[in-house]
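Examination of the molecular architecture
Residues per chain are reported as follows:
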Amino acid sequence: MKAEPTSQLILLEVQHLDLDIERNRHRARTLPETTLVAELTARDTALRDHTTAAATRASDLAREVRKAEADVAQVRARADRDQSLLNSGQVTSSKQLADLEHEVATLARRQAALEDDELVAMEALETAEAEHSELVDQTERVRGELAAAVTARDEAMALLDAEFAELRQVRDSTAAPVPTELLELYARIRADNGTGAAMVRRGRCEACQLDLPRGDLDEIAAAAPDEVVRCPECRSILIRTSESGL
Ligand SMILES: [Zn+2]
């Protein structure tokens, strides 16, 4: 292939800009802000599950407390009734009196046991409510952090996207004078090995860093300036300048 030396020289600049564009996109793909958003989103999701579980636990325990309170009230009402009956003097049979007294004593023990259950349930409820409330606070903190992280990520991404758009524009206007055929060759080589065009500097290919053998250097030096020469090792288009050492 043949191309004006000036067009060949422009390829070096295009290569440089393409590398900048590639770095820009790599930074966009690997933004630490994006990682943080993902981490905080995962934490928020986990917290939501934990908070729901804690709320269910607290509501189950509240039901247990209400049930225990109702049980205690029922036993207390019956004991009160028995006690009133005893106090009324209406019961005179000694067997009936003994039965009533026995029942009052049994109910008192039963009430004490139920009150113990109620206390245990109330303590468990208190713990569950504290846990739930702590989870709600944590969720609020994480959501605040998440909102800030999303803003930071969007800002960082907007900066990178603006830089990308500018680089693309500069790259396109820089490449405009280069013949399509040469640009396509450059693009194909670049797609294959990452570097489409490189300078020969002091006898070395700057794409693959190979010190070109004397014979190849002689051939490159002898080639017409508009001849497009390639690295025998990495196939990059080799650009000859005054620093090439030919
Ligand atoms: Zn090379």
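Domain annotation for the protein chain reports domain 1 (5–25 + 179–239) and domain 2 (31–175). Look at where the C-alpha atoms of domain 1 and domain 2 centre, and you get two points 68 Å apart. Of the residues lining the interface, 11 residues belong to domain 1; the matching set on domain 2 comes to 10 residues. The tally of links from domain 1 across to domain 2 stands at two salt bridges.

Right, let's talk about the coordination of the zinc ion for a bit. Four donors placed tetrahedrally around a metal ideally meet at 109.5 degrees, and six donors placed octahedrally ideally meet at 90 or 180 degrees. Protein-derived coordination of the zinc ion comes from Cys205 (SG), Cys208 (SG), Cys231 (SG) and Cys234 (SG), at a distance range of 2.2 to 2.3 Å. In primary sequence terms, the donor set of the zinc ion follows C-x2-C-x22-C-x2-C. Overall, the relative accessible area of 0% leaves Cys231 in the buried class. Among the residues examined, Cys234 registers a relative accessible area of 15% and is labelled buried.

Moving on, we get to the environment of Ala162. Within the element layout of this structure, Ala162 appears in helix α3 (residues 94–175). By relative accessible area, which is 47% here, Ala162 ends up partly exposed. Taking the C-alpha atoms as reference points, Ala162 and Ala70, separated by 92 residues in sequence, lie 68 Å from one another.

Turning to the pattern of salt bridges, a few remarks are in order. Here the structure, examined in full by the defined rule, presents 21 salt bridges. Residue Asp226 pairs with Lys2 through a salt bridge whose shortest N-O separation is 3.7 Å. Here Asp226 is found in the loop between α5 (214–222) and β3 (229–230), whereas its partner Lys2 is found in the segment before α1 (5–29), with 224 residues between them in sequence. For Glu243, the salt bridge identified is with Arg201, shortest N-O distance 2.3 Å. Placement of Glu243 in the segment after β4 (237–239) and of Arg201 in strand β1 (residues 197–201) is noted, with a sequence separation of 42 residues between them.

What counts as what
- Residues numbered from 1 in each chain as written.
- Predicted model: local features only at pLDDT ≥ 70, side-chain atom pairs only at ≥ 80, totals over all residues.
- Heavy atoms only, no water.
- Domains from an automatic or database assignment.
- Contact = heavy atoms within 4.5 Å.
- Salt bridge = Lys/Arg side-chain N within 4 Å of Asp/Glu carboxyl O.
- Donors = N, O, S within 2.8 Å, 3.2 Å for Na, K, Ca; no water.
- Buried < 20%, exposed > 50% of the residue type's maximum accessible area, 1.4 Å probe, protein only.
- Helix = DSSP H or I, 4+ residues; strand = E, 2+ residues; numbered from the N terminus.

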